[in-house]
Amino acid sequence: MSNVALLTGITGFIGRNLANKLLNHGWEIHAIIREESNLNNLGNLKNNCSFHTHDGSIESMIGIHKKLKIDVVFHLASLYLANHKAEEVSELITSNIQFSTQLLEGMLEGGSKKIINVGSYAQHNDSEEFNPFNLYSSTKEAFQNILYFYHLAHGLSCLTLKLFDTYGLGDTRGKLINLITDSLLEGSNLELSPGDQLIDLSHVDDVVKHFLEAEEYLSNLSEPSWQVFFVNGERLTVKELVINLEKIVGRKFRGSFGNRPYRDREIMNPVLSSKELPWEKKVHKISLKEGLSILMEG
């Protein structure tokens, strides 16, 4: 009998890639979606996963869990706003705290005991202490603390993977690496900040491998656990990223550095964790050079 996973955020870039990898490994996939979710970018996942619509209520969430027998929950869904407006506060709280807490209540009712949660390096600056970049990262930290309560009170095994920047084929999120790539290929002007900030890049395939290893790690523990890990990739400045992409494409970047200011509270040196992932040596990373080449050729 196959393992059963429940995913939130399946329509996102990482969620799609994780779902495909789980299917390739023989998992049965269930996904929680919203009524307004767009499934057009899911390809074959639409025919190979079971989708459950959540109407925003706790009753709907509990109903979903009660009819399923879930081995592990992968919680990837969140609302990201780099700079929120006053009218967006409620939506941030609803998406990143209320929905996520409802998910935990559903797990209790359905008997699920394992959850792998996604956090963000934006919850930090240059140290492992909490130092939020924006309100989004504060909501992620708040849910991480809620998760800790459910671990203590109800014996849930909870593992949070804090991600940095991810990239790969099929990414439509408008990430910096995609903007630079498009600018190089099109020969268009792209105005950037001075470009001295460090970024930490991981190929999406590597991130997906970490999710699978994290699930196996939790499954092999004899007692309920609550742990947090950073998933570091390769680091370089934005200027160095442009130089690397120029070499791969064989074109000169026509954009300009310094015409845009750094963002408010820009993270210049992302946190570098002192704690190694327990399964670190089992994940063979795609090098940045290889990953960028694949991205440009795709």
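The coordinates are above.
Explain the overall build of the protein to me, and be specific about the residues and the numbers.
In terms of helices and strands, the protein carries 9 helices and 12 strands. A compact globule built from 298 residues would reach a C-alpha radius of gyration of about 19 Å, and the protein, at 19 Å, matches this within 12%. Along the longest, intermediate and shortest principal axes, the C-alpha atoms of the protein span 55 × 40 × 40 Å. Excluding contacts between residues fewer than 6 apart, the proportion of contacts in the protein whose partners are at least 24 apart in sequence is 79%. Roughly 14300 Å² of accessible area belongs to the protein as shown, and the carbon and sulfur atoms make up 47% of that amount. Here the protein carries 29 positive and 37 negative side-chain charges, and the mean point of each set is 3 Å from the other.

I'd love a proper account of the environment of Gly168, names of residues and values included.
Tracing the backbone shows Gly168 in the loop between strand 7 (165-167) and helix 6 (176-186). Sequence separation of Gly168 and Phe13 is 155 residues, and the distance between their C-alpha atoms is 8.9 Å. Apart from the residues within four sequence positions on either side, Gly168 is in contact with Phe13, His203, Val204 and Leu295.

Quick rundown of the pattern of salt bridges? Include the residues and the values.
This model, assessed by the stated rule, comprises 14 salt bridges. Asp196 is the salt-bridge partner of Lys239, the closest N and O atoms lying 3.5 Å from each other. Of this pair, Lys239 sits in helix 8 (residues 238-249) while Asp196 sits in the loop between strand 8 (191-192) and strand 9 (198-203), and the two are 43 residues apart along the sequence. Judged by its relative accessible area of 44%, Asp196 falls in the partly exposed class. Where salt bridges share partners, they join Glu213, Glu216 and Lys282 into one cluster.

Explain unusual backbone geometry to me, and be specific about the residues and the numbers.
Despite not being glycine, Arg265 has its phi angle at roughly 65 degrees, a positive value. The topology assignment puts Arg265 in the loop between strand 12 (256-257) and helix 9 (288-297).

Please provide a residue-by-residue account of the sheet that holds strand 4 (residues 72-75), values included.
Read across the open sheet, the 7 strands follow the order 3-2-1-4-5-6-10; overall the sheet is parallel. Strands at the two margins of the open sheet, each flanked by one partner only, are strand 3 (50-54) and strand 10 (226-231). Taking the axes of each pair of neighbouring strands and ignoring which way they run, one obtains an average angle of 20 degrees across the sheet. Pairing between strand 1 (residues 4-8) and strand 2 (residues 28-34): 5 bridges, direction parallel. Residue pairing for strand 2: Ala5 is matched across the bridge by Ile29. On top of the sheet, helix 1 (residues 13-24) reaches strand 1, strand 2, strand 4 and strand 6 (157-163); it is set at about 170 degrees to strand 1, its chief contact. Set on the sheet, helix 7 (residues 204-219) makes contact with strand 4, strand 5 (114-120), strand 6 and strand 10; between it and strand 5 the angle comes to about 140 degrees.

Give me the lowdown on the pairing of strand 1, citing residues and values where you can.
Across the 5 residues of strand 1, 5 count as buried, placing the element largely inside the fold. The sheet contact formed by strand 1 and strand 4 spans 4 bridges and is parallel. In the sheet register, Leu7 faces strand 4, and the bridge partner there is Phe74.

A description of the packing of aromatic side chains should follow, citing residues and the corresponding values.
Summed over the entire model, instances satisfying the criterion amount to 11 aromatic pairs. Residues Tyr148 and Trp226 carry aromatic rings whose centres are separated by 4.6 Å and whose planes lie at 50 degrees to one another, so their mutual orientation is tilted. Taken together, the residues span a long stretch of sequence, with Tyr148 in helix 5 (residues 135-154) and Trp226 in strand 10 at a distance of 78 residues. Here Tyr217 and Phe229 contribute two aromatic rings whose centre-to-centre distance is 6.4 Å and whose plane-to-plane angle is 80 degrees, an arrangement assigned as edge-to-face. Of this pair, Tyr217 sits in helix 7 while Phe229 sits in strand 10, and the two are 12 residues apart along the sequence. Owing to a relative accessible area of 2%, Phe229 belongs among the buried residues under this scheme. Cluster of aromatic residues (ring-pair linked, three or more members): Trp27, Phe74 and Phe211. We note Lys275 situated over the ring of Phe229; from NZ or CZ to the ring centre the distance is 4.7 Å.

Rules of the game
- Think of each chain on its own: its residues are numbered from 1, step by step along the sequence as written.
- Per-residue local features of the predicted model are confined to residues with pLDDT of at least 70, and side-chain atom pairs are confined, for both listing and counting, to 80 or more; whole-chain, interface and lining totals are unaffected and use all residues.
- Working from all heavy atoms in the structure, the side-chain values ignore hydrogens and water.
- Put simply, DSSP H or I for four residues or longer makes a helix, DSSP E for two residues or longer makes a strand, and each gets a number counted from the N terminus.
- The atom set for the radius of gyration is the C-alpha atoms, and the globule formula is 2.2 Å times the number of residues raised to the power 0.38.
- In this analysis, two residues are considered to be in contact whenever any of their non-hydrogen atoms come within 4.5 Å of each other.
- Here the open area of atoms and residues is found with the Shrake-Rupley method and a 1.4 Å probe, where only the protein chains shown may cover a residue.
- Under this rule, positive means Lys or Arg and negative means Asp or Glu; His and the chain ends count for nothing.
- For this purpose, a charge sits on NZ of Lys, CZ of Arg, CG of Asp or CD of Glu.
- Salt bridges are identified by distance alone: a Lys or Arg side-chain nitrogen within 4 Å of an Asp or Glu carboxyl oxygen.
- Partly exposed describes any residue whose relative accessible area lies between the buried limit of under 20% and the exposed limit of over 50%, with all areas from a 1.4 Å probe on protein chains only and scaled to the type maximum.
- Paired strands, in this sense, are two strands between which DSSP finds at least two bridges.
- Here the axes come from fitting lines to C-alpha atoms, over the contacting stretch only for helices, and the angles between their N-to-C directions go from 0 to 180 degrees.
- Only rings of Phe, Tyr and Trp enter the pairing, Trp through its six-membered ring, and a pair is recorded when the two centres are within 6.5 Å. The plane angle decides the type: under 30 degrees is stacked, over 60 is edge-to-face, the rest tilted.
- In this analysis the charged atom, NZ for Lys or CZ for Arg, is taken to sit over a ring once it is within 6 Å of the ring centre and within 35 degrees of the ring normal.

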